[in-house]
Amino acid sequence: MLLLIGGGSSVGKTTASKVLAAGLSLPHVQLDELLNSPDFDKLFDAHSPGFWDQQPAALVELLIAKGDAALAGLPRWLGQHSDARGILLEGEGIQPSFLSDLGDLPAIRMVFIVELDATVLRATLTSRSKSFRTLSSMQQDTIVETNRLYNEWIAKEAATHNQLCIASQPWASLPARLLRSL
(Lines give C-alpha, C1' and ligand atoms only; values in the text may rest on other atoms or scores of the structure.)
Protein backbone atom coordinates (compact mmCIF):
# COMPACT_ATOMS: atom_id res chain seq x y z
CA MET A 1 0.00 0.00 0.00
CA LEU A 2 1.25 3.46 -0.87
CA LEU A 3 -0.22 6.50 0.87
CA LEU A 4 0.59 9.82 -0.78
CA ILE A 5 0.04 13.09 1.10
CA GLY A 6 0.54 16.26 -0.92
CA GLY A 7 0.02 19.96 -0.45
CA GLY A 8 1.82 23.24 -0.33
CA SER A 9 4.33 24.38 2.24
CA SER A 10 3.11 25.08 5.79
CA VAL A 11 -0.15 23.13 5.63
CA GLY A 12 0.78 20.45 8.16
CA LYS A 13 1.78 17.61 5.79
CA THR A 14 4.86 16.47 7.63
CA THR A 15 3.50 16.75 11.17
CA ALA A 16 0.21 15.01 10.36
CA SER A 17 1.92 12.39 8.17
CA LYS A 18 4.35 11.43 10.91
CA VAL A 19 1.47 10.93 13.37
CA LEU A 20 -0.48 8.95 10.78
CA ALA A 21 2.51 6.79 9.77
CA ALA A 22 3.27 5.96 13.41
CA GLY A 23 -0.35 5.06 14.05
CA LEU A 24 -0.41 2.78 10.99
CA SER A 25 3.10 1.37 11.63
CA LEU A 26 4.24 2.52 8.21
CA PRO A 27 7.57 4.05 7.26
CA HIS A 28 7.29 7.81 6.72
CA VAL A 29 9.28 9.20 3.80
CA GLN A 30 9.48 12.82 2.69
CA LEU A 31 9.60 13.30 -1.07
CA ASP A 32 12.52 15.71 -0.79
CA GLU A 33 14.60 12.93 0.83
CA LEU A 34 14.31 10.99 -2.42
CA LEU A 35 15.43 13.86 -4.57
CA ASN A 36 18.92 14.71 -3.46
CA SER A 37 20.25 15.41 -6.92
CA PRO A 38 21.90 18.71 -7.86
CA ASP A 39 19.67 18.96 -10.94
CA PHE A 40 16.55 18.71 -8.80
CA ASP A 41 17.86 21.26 -6.30
CA LYS A 42 18.49 23.76 -9.12
CA LEU A 43 14.78 23.74 -9.98
CA PHE A 44 13.75 25.39 -6.76
CA ASP A 45 16.74 26.82 -4.91
CA ALA A 46 14.95 28.96 -2.35
CA HIS A 47 18.26 29.95 -0.75
CA SER A 48 19.80 31.52 -3.84
CA PRO A 49 20.10 35.32 -3.78
CA GLY A 50 17.07 37.05 -5.21
CA PHE A 51 15.01 33.88 -5.44
CA TRP A 52 12.09 35.34 -3.47
CA ASP A 53 12.20 38.54 -5.51
CA GLN A 54 10.44 36.70 -8.36
CA GLN A 55 6.72 36.98 -9.02
CA PRO A 56 4.59 34.42 -7.09
CA ALA A 57 3.03 33.04 -10.30
CA ALA A 58 6.51 32.26 -11.67
CA LEU A 59 7.43 30.53 -8.41
CA VAL A 60 4.27 28.41 -8.58
CA GLU A 61 5.38 27.26 -12.05
CA LEU A 62 8.72 26.24 -10.51
CA LEU A 63 6.90 24.27 -7.79
CA ILE A 64 4.89 22.49 -10.47
CA ALA A 65 8.10 21.70 -12.39
CA LYS A 66 9.58 20.35 -9.13
CA GLY A 67 6.61 17.98 -8.86
CA ASP A 68 7.03 16.88 -12.47
CA ALA A 69 10.71 16.15 -11.80
CA ALA A 70 9.76 14.15 -8.71
CA LEU A 71 7.33 12.05 -10.70
CA ALA A 72 10.00 11.05 -13.21
CA GLY A 73 11.99 9.12 -10.59
CA LEU A 74 9.18 7.95 -8.33
CA PRO A 75 8.16 4.68 -10.07
CA ARG A 76 11.77 3.43 -10.03
CA TRP A 77 12.16 4.36 -6.36
CA LEU A 78 8.89 2.64 -5.46
CA GLY A 79 10.00 -0.51 -7.25
CA GLN A 80 13.24 -0.55 -5.26
CA HIS A 81 11.58 0.16 -1.92
CA SER A 82 8.36 -1.77 -2.08
CA ASP A 83 7.37 -2.99 1.33
CA ALA A 84 4.53 -5.40 2.08
CA ARG A 85 3.49 -3.14 4.98
CA GLY A 86 3.35 -0.09 2.76
CA ILE A 87 4.87 3.37 2.70
CA LEU A 88 3.55 6.80 3.57
CA LEU A 89 5.17 9.31 1.22
CA GLU A 90 4.50 13.01 1.67
CA GLY A 91 5.76 16.17 0.11
CA GLU A 92 5.13 19.43 -1.60
CA GLY A 93 5.94 17.94 -5.01
CA ILE A 94 3.21 15.31 -4.94
CA GLN A 95 0.65 16.44 -7.46
CA PRO A 96 -2.90 15.38 -8.31
CA SER A 97 -1.83 13.92 -11.67
CA PHE A 98 0.47 11.40 -9.93
CA LEU A 99 -2.05 8.54 -9.90
CA SER A 100 -2.81 8.76 -13.59
CA ASP A 101 0.87 9.22 -14.38
CA LEU A 102 2.08 6.36 -12.14
CA GLY A 103 0.07 3.72 -13.96
CA ASP A 104 -0.43 0.24 -12.54
CA LEU A 105 0.95 0.44 -9.03
CA PRO A 106 -1.17 -1.46 -6.52
CA ALA A 107 -3.11 0.01 -3.60
CA ILE A 108 -2.34 3.70 -3.89
CA ARG A 109 -4.29 6.25 -1.86
CA MET A 110 -3.73 9.96 -2.19
CA VAL A 111 -5.01 13.06 -0.40
CA PHE A 112 -4.03 16.71 -0.45
CA ILE A 113 -3.94 19.16 2.42
CA VAL A 114 -4.61 22.74 1.39
CA GLU A 115 -4.69 26.12 3.08
CA LEU A 116 -5.97 29.11 1.11
CA ASP A 117 -5.95 31.66 3.93
CA ALA A 118 -2.86 33.87 3.61
CA THR A 119 -3.12 34.88 7.28
CA VAL A 120 -2.89 31.25 8.42
CA LEU A 121 0.00 30.56 6.04
CA ARG A 122 1.90 33.63 7.28
CA ALA A 123 1.35 32.70 10.93
CA THR A 124 2.56 29.15 10.32
CA LEU A 125 5.64 30.26 8.41
CA THR A 126 6.46 32.88 11.04
CA SER A 127 6.16 30.41 13.91
CA ARG A 128 8.14 27.56 12.36
CA SER A 129 10.78 29.15 10.14
CA LYS A 130 13.66 31.27 11.39
CA SER A 131 14.75 31.93 7.81
CA PHE A 132 11.27 33.27 6.96
CA ARG A 133 11.52 35.76 9.81
CA THR A 134 14.85 37.09 8.48
CA LEU A 135 13.46 37.97 5.04
CA SER A 136 12.18 41.39 4.04
CA SER A 137 8.44 41.96 4.35
CA MET A 138 8.18 41.99 0.55
CA GLN A 139 9.91 38.60 0.32
CA GLN A 140 7.66 37.24 3.08
CA ASP A 141 4.63 38.48 1.13
CA THR A 142 5.96 36.67 -1.96
CA ILE A 143 6.36 33.41 -0.06
CA VAL A 144 2.89 33.62 1.45
CA GLU A 145 1.27 34.45 -1.89
CA THR A 146 3.26 31.71 -3.67
CA ASN A 147 2.08 29.16 -1.10
CA ARG A 148 -1.51 30.38 -1.37
CA LEU A 149 -1.47 30.24 -5.17
CA TYR A 150 0.15 26.78 -5.14
CA ASN A 151 -2.49 25.47 -2.74
CA GLU A 152 -5.16 26.97 -4.97
CA TRP A 153 -3.60 25.23 -7.99
CA ILE A 154 -3.49 21.92 -6.10
CA ALA A 155 -7.18 22.23 -5.15
CA LYS A 156 -8.17 22.90 -8.78
CA GLU A 157 -5.99 20.08 -10.14
CA ALA A 158 -7.26 17.67 -7.49
CA ALA A 159 -10.84 18.41 -8.57
CA THR A 160 -9.84 17.81 -12.20
CA HIS A 161 -8.32 14.42 -11.30
CA ASN A 162 -11.05 13.45 -8.81
CA GLN A 163 -8.60 13.56 -5.91
CA LEU A 164 -9.57 14.50 -2.37
CA CYS A 165 -8.45 17.74 -0.69
CA ILE A 166 -8.90 18.47 2.98
CA ALA A 167 -8.44 21.75 4.81
CA SER A 168 -5.44 22.13 7.07
CA GLN A 169 -7.57 23.64 9.83
CA PRO A 170 -8.19 22.74 12.56
CA TRP A 171 -4.65 21.47 13.12
CA ALA A 172 -5.53 19.24 16.08
CA SER A 173 -7.83 17.01 14.04
CA LEU A 174 -5.72 16.90 10.86
CA PRO A 175 -4.19 13.42 11.41
CA ALA A 176 -7.61 11.91 12.18
CA ARG A 177 -9.14 13.61 9.15
CA LEU A 178 -6.30 12.31 6.99
CA LEU A 179 -6.88 8.78 8.23
CA ARG A 180 -10.60 8.97 7.48
CA SER A 181 -9.90 10.29 3.99
CA LEU A 182 -7.51 7.48 3.09
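Residues numbered from 1 in each chain as written. Predicted model: local features only at pLDDT ≥ 70, side-chain atom pairs only at ≥ 80, totals over all residues. Heavy atoms only, no water.

So, the environment of aspartate 32
- Structurally, aspartate 32 is set in helix 2 (residues 31-34).
- When the C-alpha atoms of aspartate 32 and lysine 66 are compared, they prove to be 10.0 Å apart, with 34 residues separating the residues in sequence. (Helix = DSSP H or I, 4+ residues; strand = E, 2+ residues; numbered from the N terminus.)

Considering the pattern of salt bridges
- For the structure shown, the criterion picks out five salt bridges.
- Linking glutamate 92 and lysine 66 is a salt bridge whose minimum nitrogen-to-oxygen distance equals 4.0 Å. Linking glutamate 92 in the loop between strand 3 (87-91) and helix 5 (98-102) with lysine 66 in helix 4 (residues 56-80), this pair joins segments that are 26 residues apart in sequence. As far as burial versus exposure is concerned, glutamate 92 and lysine 66 are alike and both buried.
- Bridged by salt links that share partners, the residues Glu145, Arg148, Glu152 and Lys156 form one connected network. (Salt bridge = Lys/Arg side-chain N within 4 Å of Asp/Glu carboxyl O. Buried < 20%, exposed > 50% of the residue type's maximum accessible area, 1.4 Å probe, protein only.)

Looking at the environment of aspartate 117
- Mapping aspartate 117 onto the fold places it in the loop between strand 4 (108-114) and helix 6 (118-128).
- Within polar-contact distance, the side chain of aspartate 117 engages the backbone nitrogen of threonine 119 at 2.8 Å. (Polar contact = N/O pair within 3.5 Å; in protein donor to acceptor, adjacent residues only side chain to side chain.)

Topic: the packing of aromatic side chains
- In the structure shown here, the tally under the stated rule is two aromatic pairs.
- Aromatic side chains phenylalanine 51 and tryptophan 52 sit 5.0 Å apart centroid to centroid with 90° between the ring planes, which places their arrangement in the edge-to-face category. Exposure class is identical for phenylalanine 51 and tryptophan 52. Each is buried.
- Consider the rings of tyrosine 150 and tryptophan 153, whose centres lie 5.8 Å apart with planes at 10°: the pair is stacked. Of the two residues, tyrosine 150 and tryptophan 153 both sit in helix 8 (residues 137-160), three residues apart, roughly one turn of that helix. (Phe/Tyr/Trp six-rings, centres within 6.5 Å; stacked < 30°, edge-to-face > 60°.)

A few points about the side chain of glutamate 115
- Topologically, glutamate 115 is positioned in the loop between strand 4 and helix 6.
- Among buried charged residues, glutamate 115 stands out as having no salt bridge; its nearest opposite-charge side chain is arginine 177, 8.1 Å away.
- There is a polar contact of 3.0 Å between the side chain of glutamate 115 and the backbone nitrogen of aspartate 117.
- Once you skip the residues sitting within four places of it in the chain, glutamate 115 turns out to touch Val11, Val120, Leu121, Asn151, Ser168 and Gln169. (Lys, Arg positive; Asp, Glu negative; His and termini not counted. Contact = heavy atoms within 4.5 Å.)

So, the pairing of strand 3
- Of all five residues in strand 3, five are buried, a share of seventy percent or more.
- Along strand 3, one buried face is formed by Ile87, Leu89 and Gly91 and the opposite face, lined by Leu88 and Glu90, is buried too.
- Examined bridge by bridge, strand 1 (residues 2-7) and strand 3 share five bridges and lie parallel to one another. Bridged to glycine 6 within strand 3 is glycine 91.
- Here strand 2 (residues 28-30) pairs with strand 3 via three bridges, running parallel. (Pairing = 2+ DSSP bridges.)

Details of the side chain of serine 10
- Tracing the backbone shows serine 10 in the loop between strand 1 and helix 1 (13-24).
- Separated by 2.8 Å, the side chains of serine 10 and arginine 128 make a polar contact.
- For serine 10, the contacting residues outside a window of four places in its chain are Leu121, Thr124, Leu125, Arg128 and Trp171.

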